[in-house]
Amino acid sequence: QVQLVESGGGLVQAGGSLRLSCAASGRTFSIGAMGWFRQAPGKEREFVAAISWSGGTTYYADSVKGRFTISRDNAKNTVYLQMNSLKPEDTAVYYCAAGPGTWEIRRNQVHSWGQGAQATVSS
């Protein structure tokens, strides 16, 4: 069992930045990759970004490419999502996820989820 605890998020004006963190504990040896998803009101949860735990290979949804950066700190078992140039349409609950690999995460084949962190972007 892997536990994921998120922090960060909040309210920011359009064009601003926010940073999310996700700390993993428990059976962290089972983590091959971690990622972020988001769910806006009335919409389905969607993939945002993923990073492999060993080599650091990253993947992004087209909607956030060039604005968001996913990174990891293996020593702290923590993954980050730096969100810049935020837009009102980025408003959502952001979920941290862990899985066996980036291929699986991009296909929503996740074995652990965080509790979610609200990010609100005002216009």
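To be clear, the structure that these remarks concern was listed above.
Residues numbered from 1 in each chain as written. Predicted model: local features only at pLDDT ≥ 70, side-chain atom pairs only at ≥ 80, totals over all residues. Heavy atoms only, no water.

1. Focus: unusual backbone geometry
The residue Asn77 is not glycine, and still its phi comes out positive at about 50°. With respect to the helices and strands, the residue Asn77 is situated in the loop between strand E7 (68–73) and strand E8 (78–83). In this model, Asn108 sits at a positive phi of 65°, which is unusual for a non-glycine residue. Within the fold, Asn108 resides in the loop between helix H1 (102–106) and strand E10 (112–113). Classification of Asn108 by relative accessible area gives partly exposed; the value is 44%. (Helix = DSSP H or I, 4+ residues; strand = E, 2+ residues; numbered from the N terminus. Buried < 20%, exposed > 50% of the residue type's maximum accessible area, 1.4 Å probe, protein only.)

2. Some details on the state of the cysteines
Enumeration over the complete set of coordinates arrives at 1 disulfide. The disulfide partner of Cys22 is Cys96, and the gap between their sulfur atoms is 2.1 Å. Looking down the S-S bond of the Cys22 and Cys96 bridge, the torsion is -80°, so its handedness is left-handed. One end of the pair, Cys22, is in strand E3 (residues 18–26); the other, Cys96, is in strand E9 (residues 92–99), and 74 residues separate them in sequence. For Cys22, a relative accessible area of 0% puts it in the buried group. Of the residues examined, Cys96 reaches a relative accessible area of 0% and is grouped as buried. (Disulfide = S-S within 2.5 Å.)

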